[in-house]
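Results of the structural survey
One letter stands for each residue in the lines below.
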Amino acid sequence: MTTVDPREDLSVLRGPGGSGFRFMAGQYISLMKPRIIELLLITTIPVMFLAHGGVPDLGLVVATLIGGTLSAGSANTLNCYIDRDIDAVMHRTSKRPLVTGTIPPAGALAFGLGLAVVSTLWLGFLVNWLSAGLALLAVLAYVVGYTLILKRRTKQNIVWGGAAGCMPVLIGWSSVTHTVSWSAFILFMVVFFWTPPHYWPLSMRYREDYASVDVPMLPVVERFVVVARQIVLYAWAMVIMSLALIVVQPMGWIYTVATIGSGGLFLAEAHRLLTKARAGAADKVLRPMRLFHYSITYLTVLFIGVAIDPIWHVALPGLH
């Protein structure tokens, strides 16, 4: 639940004249950060296909997606509630409803907690209680672990806080199998290693915003060359972990081509950023947002491969 879209204020639905039910509904929905949830669901559905070994029951998919959306929306809403003081200072978040005053803090708190309760019960009764427990754990990890404890205290905030954003993988797998396997854990770790090289380029672009509110994102407290070096290391760990799934699952040609192709481009972009940072390039030349945007494409391509491979499985030589 750490994925951030710098255009997230565009998700605010506006009613006529900025008033009325439609406007207020849009304001509350914007607290859930729909653009972030879209990316989380990209990892949930394909994992359900892989866990089932084909196309899972449509009703189960819909129930899991609704529960996951409500759960992620709860975490994001509570994040907005807690961070409303710094959101008012940062330019990127200055249009959020709690900053503009269109939603009172008490209303956001009640909405966020209500979503947590409803999502847990929804998943528990309509999917299974393991998935419900994992979803609730994700909310607690993001709200308490990341937002309250890590975000304002350590430059490693996004590394460990990003674990909450990996939970949809486990939720998707457990919704089908009622268990969590090594394959699910490997995909969990792929997203875990993906999160820093996805988020740190964004933090580089908005470094001044984070510095203005004393949030110690890595690009705020370290030179860009140090950040770029860390991005490369995490990118390599991510690609290696994605390749491990080929043997553990095992996967076929479709996933293999998807992970090698998209992973190779990711590594090329990460090394490009490091080369430019070592040369002391200016922001316009460094262009960290180029890697940020590609990281979304990478995750999408990878998990499309995860979904399609069990449907049209073509085994690799020596793997069965």
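Residues numbered from 1 in each chain as written. Predicted model: local features only at pLDDT ≥ 70, side-chain atom pairs only at ≥ 80, totals over all residues. Heavy atoms only, no water.

Time to look at the overall build of the protein chain. Each helix and strand in the protein chain was counted, giving 16 helices and zero strands. On C-alpha atoms alone, the protein chain measures out to a radius of gyration of 20 Å, which is about the 20 Å that the 2.2 N^0.38 rule sets for 320 residues. When the backbone C-alpha atoms are referred to their principal axes, the protein chain occupies close to 60 × 55 × 35 Å. In the protein chain, buried positions account for 55% of the 320 residues. Once local pairs closer than 6 in sequence are excluded, the contacts in the protein chain between residues at least 24 apart make up 76%. By element, 69% of the accessible surface of the protein chain is carried by carbon and sulfur atoms, the whole surface being about 13,300 Å². (Helix = DSSP H or I, 4+ residues; strand = E, 2+ residues; numbered from the N terminus. Rg over C-alpha atoms; globule rule 2.2 N^0.38 Å. Buried < 20%, exposed > 50% of the residue type's maximum accessible area, 1.4 Å probe, protein only. Contact = heavy atoms within 4.5 Å. Areas by Shrake-Rupley, 256 points an atom, 1.4 Å probe, with all protein chains shown as cover.)

Once that is clear, we can look at the packing of aromatic side chains. This structure, assessed with the given rule, holds 11 aromatic pairs. Seen in terms of ring centroids, tyrosine 28 and phenylalanine 111 are 5.1 Å apart; in terms of plane orientation they differ by 70 degrees. Their pairing is edge-to-face. With tyrosine 28 in helix α1 (residues 20–31) and phenylalanine 111 in helix α6 (residues 105–126), this residue pair connects regions lying 83 residues apart in the sequence. Here tryptophan 160 and phenylalanine 192 contribute two aromatic rings whose centre-to-centre distance is 5.9 Å and whose plane-to-plane angle is 50 degrees, an arrangement assigned as tilted. On the criterion of sequence distance, the pair formed by tryptophan 160 in helix α8 (residues 157–161) and phenylalanine 192 in helix α10 (residues 182–205) is long-range, its members being 32 residues apart. By relative accessible area, phenylalanine 192 is classed as buried at 9%. Among the aromatic side chains, those forming a connected cluster through ring pairs are Trp160, Phe192, Phe193, Trp200 and Tyr234. Directly above the aromatic system of tyrosine 206 lies the positively charged group of arginine 92, at a separation of 5.7 Å from the ring centroid. (Phe/Tyr/Trp six-rings, centres within 6.5 Å; stacked < 30°, edge-to-face > 60°. Lys NZ or Arg CZ within 6 Å of the ring centre and 35° of its normal.)

Secondary-structure assignment places serine 203 in helix α10. Setting aside its immediate chain neighbours within four residues, serine 203 contacts Tyr210, Met217 and Pro219.

Together, Val117, Leu121, Phe125, Leu126 and Trp129 line one region of the surface with nonpolar side chains, adding up to about 550 Å² of accessible area. At four residues, the largest contribution of residues to the nonpolar patch is made by α6. Relative to the assigned elements, leucine 121 resides in helix α6. (Patch = residues over 30% accessible without salt bridge, like charges linked within 9 Å, V, L, I, M, F, W, Y side chains within 5 Å. Salt bridge = Lys/Arg side-chain N within 4 Å of Asp/Glu carboxyl O.)

Glancing now at the confidence of the model for the protein chain. Mean pLDDT for the protein chain: 91, with 93% of residues reaching 70 or above. By mean pLDDT, the top-scoring element of the protein chain is α6 (98), and the lowest-scoring one is helix α15 (residues 283–286) (80). In the model, residues 1–17 has pLDDT below 50 throughout and makes 58 contacts with residues more than four positions away in sequence or in other chains. (pLDDT = per-residue confidence, 0-100.)

This part is about the pattern of salt bridges. Going through the model one piece at a time under the given rule, you end up with eight salt bridges. If you follow the salt bridges from partner to partner, you end up with Asp83, Asp85, Lys151 and Arg152 in one network.

Across its 12 residues, α1 extends 17 Å between first and last C-alpha, which sits within 8% of the 16 Å expected from 1.5 Å per residue. Every buried residue of α1 is accounted for by Phe23, Gly26, Gln27, Ser30 and Leu31. When α1 is viewed along its axis, its buried side chains cluster within an angular range of 145 degrees and face the same direction. Among the exposed residues of α1, those oriented more than 90 degrees off its buried face are Phe21 and Arg22. In this structure, the buried side of α1 is in contact with α2 (34–52), α3 (58–82), α5 (97–100) and α6. Residue lysine 33 follows α1 closely and has a positive phi angle near 55 degrees. (Expected span 1.5 Å × (residues − 1). Arc of directions from axis to C-beta.)

The interhelical angle for the contact between helix α13 (residues 224–248) and helix α14 (residues 253–278), taken along N-to-C directions, is 170 degrees, at an axis separation of 9 Å. Classed by the angle they form, the pair α13 and α14 counts as roughly antiparallel. Residues belonging to the contact of α13 with α14 are distributed by class as follows: 20 nonpolar, five polar and two charged. (Axes fitted to C-alpha atoms, helices over the stretch in contact; angles between N-to-C directions. Parallel < 35°, antiparallel > 145°, perpendicular 65-115°, else oblique. Nonpolar A, V, L, I, M, F, W, Y, C, P; charged D, E, K, R; others polar.)

Once that is clear, we can look at α2. Spanning 19 residues, α2 covers 27 Å between terminal C-alpha atoms, matching the ideal 27 Å at 1.5 Å per step. By the burial criterion, the buried members of α2 are Ile36, Ile37, Leu39, Leu40, Thr43, Thr44, Pro46, Val47, Met48, Phe49, Leu50 and Ala51. Of the surrounding elements, those touching the buried residues of α2 are α3, α9 (167–177), α10, α13 and α16 (288–308). Positive phi appears at glycine 53, one or two residues downstream of α2, with a value of about 80 degrees.

This paragraph deals with the environment of tyrosine 210. Position of tyrosine 210 among the secondary structure elements: in helix α11 (residues 207–212). Owing to a relative accessible area of 1%, tyrosine 210 belongs among the buried residues under this scheme. Taking the C-alpha atoms as reference points, tyrosine 210 and histidine 91, 119 residues apart in sequence, are found 9.7 Å from one another. Each residue touching tyrosine 210, except ones within four places of it in the same chain, is listed here: Met90, Arg92, Tyr199, Ser203, Val215, Met217 and Val220. Among the polar contacts listed, one links the side chain of tyrosine 210 to the side chain of arginine 92, at a separation of 3.0 Å. (Polar contact = N/O pair within 3.5 Å; in protein donor to acceptor, adjacent residues only side chain to side chain.)

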